[in-house]
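Architecture and fold: a report
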Amino acid sequence: MTDHQAKTQATTAVEDLTEGEARAELARLAEVLAAANAAYHGADAPEISDADFDALKRRNAAIEARFPALKRADSPSDQVGAVAAEGFGKITHVVRMLSLGNAFEDQDVADFATQIGKFLGQDARAIRFTAEPKIDGLSLSLRYEQGRLVQAATRGDGEVGENVTANALTIADIPQQLTDAPEVLEVRGEVYMSHTDFETLNQRQAERGGKPFANPRNAAAGSLRQLNAEITRDRPLRFFAYAWGDLSTPLAETQMGAINRLADLGFQTNPLTKLCNSTAELIDHYRSIEQQRAGLGYDIDGVVYKVDDLDLQARLGFRSTTPRWAIAHKFPAELAWTRLEAIDIQVGRTGALSPVARLAPVTVGGVVVSNATLHNEDYIRGRDSKGEQIRDGKDFRIGDWVQVYRAGDVIPKLADVDLTKRPEDAAPYEFPEACPICQSPAIREEGDAVRYCTGGMICAAQAVEKLKHFVARKAFDIEGLGAKQIEMFYNDAVLPIREPADIFSLQVRDGETLARLKNRDGWGEQSAGNLFQAIEEKRTIPFGKMLFALGIRHVGETAAKDLALHFLEWDKLAETADRARPAALAFRQADLAEEEERLAAKTAGRRAKIKETRDLAITDCEVPANAAAAWEDLIAIDGIGATVGLSLTDAFANPEERAAIDRLVASLTIIPPEAPSAESPVAGKTVVFTGKLEKMSRDEAKATAEKLGAKVAGSVSKKTDLLVAGPGAGSKAKKAADLGIETIDEDGWLELIAGL
Ligand code: IVH
């Protein structure tokens, strides 16, 4: 028997394998398939034929189907061509790698500049910006210590990326040694592939019987993320530097200066980077880059604008995932026409019914698209959320000829429909009024664009999606309990997991002998033991994660963290939600006219008006004072408004949901969040700003205070620790004086926080 036969021959039929044999066979298949994969994507000729490769993959899948618990982290089933991400070590970024907010219209650019001016409390017209192409590749962070390249990491989720140091070392544009560099320097930029190199690579792939890459970005990503760095060396990757992370000494005082410094250090920087004095100049440069786009020789998908002054960048800081000082002005999306074959309804964890377009596959901007979001029923009908016509009121019908577009990485969308190609028998789409999964009524509330299934916990789709969210990476992240296992356990007759608390009683329900799980198909003593241990490890959980994991509508990761920081203890949150309930209901009952006025006020930025309406809504309905106080407490938390407040109080007041939450809480140890910057003098203090601030805007003062761990409140009370009063401070300063609260002026505040 040749070596080749030994690799491909299936010795024992899958049904006859014992658990031990299956484990060994999966290990062998992972190795053989990975080697074949590397050869296929790499420089070598393919080692085995496509048919043999497919047969091995099928055998692997069949064994996994019989023994799901034996599925390996590096399972070939999860790999589309390239090697699994699990193969790389993980690197936690010292400075997070963020994404950028997007602008699509010129007006968005003007708004971006205005907001910056407002935040800084100065005339936006005096602020300078850089403008440079947005490279369509993948970002990479390069760490230099004493001038030597010591580490390269992909962006990953922004906090943790993959260690691709060996691969980065093979890229010619990336210097391995710098002279006169700061002691610690993290250079960030984009790895990309030029059009000509991409064509050549694809030709070479074709000659060797390999699959072509869909576009230069995929080719660059696939080439960088190779476990065998020799394959990367063989791929013509390039690198543009445009940003930095951890730094021992500043590079310059301006963005432009820093980019020039990076160029002096030996990095490629983009020659189309330009300093602009106004938004008009930014837009001019955008148009000019757009004109040159086709001839650049590499893919770009927009133009990035950055505040030039690095002190101002530091003052502007970040929102949860994007900087306030930069924005990406995207080029219009690419378009394609295809047939709308069906409309499916998906039910999410909050019960939202989301229509999805199933399309005849079509290539849009180098990627094959066969699904697109349809948003909601109005959108299908040709209306926006206010009932105004969109697409001139044209609706979408099954069988229609529709235009698809992709904007950046987002899910494809439908832009238009060609009525001349509408089949004669195409009927208007009727949006279901019952949940397609549990048949409960699906209700759409006044003013809401989305229809929700009212089945709650009885709706299997909602329950399963909620559980999947509960175990997701940013929530409980239990090893060995992912989406697939949740589906299996949800439908399990003997050991079901129907709600989060069931996860934590799994071992007890299984009994001391682990008799039930370990004898089940695909589970053995070890895999069952591993799962129980992974569950035990998560029995102690940070407050914010626990709250986020519940999947309460509008309570995302950031809101959950904000709430945890405010309440510190779970019981305090629950008590406040309970007490606030009557006020929350009163708030909701405020009549529609008031609601509309509130919305109008909000759009016009008249925050005072919003506050007034809120107060009215509460006092009118005569709710107990302590309820009103609890409600105010809740919605006054920075980042938490009435929307989150209502959703949270709804969840806590729903008897079934609350019982499930309480059962879960009883099985966990919830740990309070760490207050940020505990060493700052304002950490944990409640600060109120009043009067006119002259050196910064109210927003900036508030953001800084919060960054330093303070709570910022709108009014002075016994709980206030510090009042920062500018000129014109009136009743608040008087009240603070009456209550004996420390009061300082703006300079005093700047002094207090200096150097932090
Ligand atoms: S600046 C804190 N500049 O776009 C912001 N990003 O959508 C740091 N990108 O993850 C990014 N060209 O991968 C910046 N000239 C450029 C860029 C650029 C491409 C990518 C980058 C980032 C993504 C955000």
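Keep in mind that this is a model prediction, so the values were computed, not measured.

**Thoughts on empty space enclosed by the protein**
- Scanning the entire structure with this criterion turns up three cavities of 30 Å³ or more.
- Each pocket or cavity is described by its volume, and for the largest cavity that value is around 160 Å³.
- Lining the largest cavity are 14 residues, and of these Met457, Lys466, Pro500, Leu550 and Ala660 lie nearest its centre.
- Elements that contribute at least two residues to the lining of the largest cavity include exactly α13 (460–470) and α26 (655–666).
- A total of four residues in the lining of the largest cavity trace back to one element, the largest contributor, which is α13.
- When its residues are assigned to classes, the lining of the largest cavity shows ten nonpolar, no polar and four charged.
- The volume enclosed by the second largest cavity comes to roughly 60 Å³.
- In this structure, the second largest cavity is lined by Glu132, Pro133, Ile135, Phe240, Ala241, Tyr242, Ile259, Thr269, Asn270 and Thr273.
- Sorting the residues of the lining of the second largest cavity by element identifies β3 (129–135) and β8 (238–247) as the ones contributing at least two each.

**Brief notes about the site of the ligand**
- Near the ligand, the surroundings consist of 14 residues, among which Glu132, Ile135, Arg155, Glu190 and Tyr242 are the closest.
- Between the ligand and Pro133 there is a distance of 3.2 Å, counted from a nitrogen atom to a backbone nitrogen or oxygen.
- The separation between a nitrogen atom of the ligand and a polar side-chain atom of Lys306 is 3.1 Å.
- When isolated, the ligand has an accessible area of 530 Å², and the protein chains bury 88% of it.
- The element best represented in the shell around the ligand is β3, accounting for four residues.
- Among the residues making up the shell around the ligand, the classes are represented as seven nonpolar, two polar and five charged.

**A closer look at the packing of aromatic side chains**
- Taken as a whole and judged by the stated rule, the model has 15 aromatic pairs.
- Here the aromatic rings of Trp570 and Phe652 are separated by 6.0 Å at their centres, their planes lie at 35 degrees, and the arrangement is tilted. Residue Trp570 is located in helix α21 (residues 570–589), and its partner Phe652 is located in helix α25 (residues 642–653); the two are separated by 82 residues in the primary sequence. Here the two residues Trp570 and Phe652 agree in accessibility, since each one is buried.
- Here the aromatic cluster, defined as three or more aromatic residues joined through ring pairs, consists of Tyr192, Phe240 and Tyr298.
- Between the NZ or CZ atom of Arg391 and the centre of the ring of Tyr379, over which it lies, the distance is 4.8 Å.
- Lying over the aromatic face of Tyr490, Arg498 brings its terminal NZ or CZ to 4.5 Å of the ring centre.

**Describing the packing of helix α6 (residues 195–207) against helix α7 (residues 216–224)**
- One way to put it is that α6 packs onto α7 with a least axis distance of 10 Å and a crossing angle of 70 degrees. The orientation of α6 with respect to α7, classified from their angle, is roughly perpendicular. For the pair formed by α6 and α7, the contact residues are His195, Phe198 and Leu201 on the first element and Pro216, Ala219 and Ser223 on the second.
- For the contact of α6 with α7, the class distribution of residues is four nonpolar, two polar and no charged.

**Some thoughts on the sheet that holds strand β2 (residues 102–103)**
- The five strands are arranged β2-β11-β10-β3-β9 in an open sheet whose pairing can be described as mixed. At either margin of the open sheet sits one strand with a lone partner, and together these are β2 and β9 (274–276).
- Pairing geometry for β3 and strand β10 (residues 300–307), over seven bridges, is antiparallel. Its bridge partner lying in β10, Ile135 is registered against Ile300.

**Observations regarding the packing of α13 against helix α14 (residues 483–490)**
- The contact between α13 and α14 brings their axes to 9 Å, and the two run at 135 degrees. With respect to their mutual orientation, α13 and α14 come out oblique. In this structure, the crossing between α13 and α14 has a hand that is right-handed. Two secondary-structure elements touch here, α13 through Ala460, Ala463, Val464, Leu467 and Lys468 and α14 through Ala483, Ile486, Glu487 and Tyr490.
- Grouping the amino acids of the contact of α13 with α14 by side-chain chemistry returns seven nonpolar, no polar and two charged.

What counts and what doesn't
Residues numbered from 1 in each chain as written. Predicted model: local features only at pLDDT ≥ 70, side-chain atom pairs only at ≥ 80, totals over all residues. Heavy atoms only, no water. 1 Å grid on protein atoms, 1.4 Å probe; cavity = no way out; pocket = protein on both sides within 12 Å on 5 of 7 lines; lining within 4 Å. Points joined across faces, edges and corners; volume = space filled by probe spheres on them. Helix = DSSP H or I, 4+ residues; strand = E, 2+ residues; numbered from the N terminus. Nonpolar A, V, L, I, M, F, W, Y, C, P; charged D, E, K, R; others polar. Near = heavy atom within 4 Å. Polar contact = N/O pair within 3.5 Å; in protein donor to acceptor, adjacent residues only side chain to side chain. Areas by Shrake-Rupley, 256 points an atom, 1.4 Å probe, with all protein chains shown as cover. Phe/Tyr/Trp six-rings, centres within 6.5 Å; stacked < 30°, edge-to-face > 60°. Buried < 20%, exposed > 50% of the residue type's maximum accessible area, 1.4 Å probe, protein only. Lys NZ or Arg CZ within 6 Å of the ring centre and 35° of its normal. Axes fitted to C-alpha atoms, helices over the stretch in contact; angles between N-to-C directions. Parallel < 35°, antiparallel > 145°, perpendicular 65-115°, else oblique. Contact = heavy atoms within 4.5 Å. Pairing = 2+ DSSP bridges. Left-handed = near helix turned anticlockwise from the far one by under 90°.

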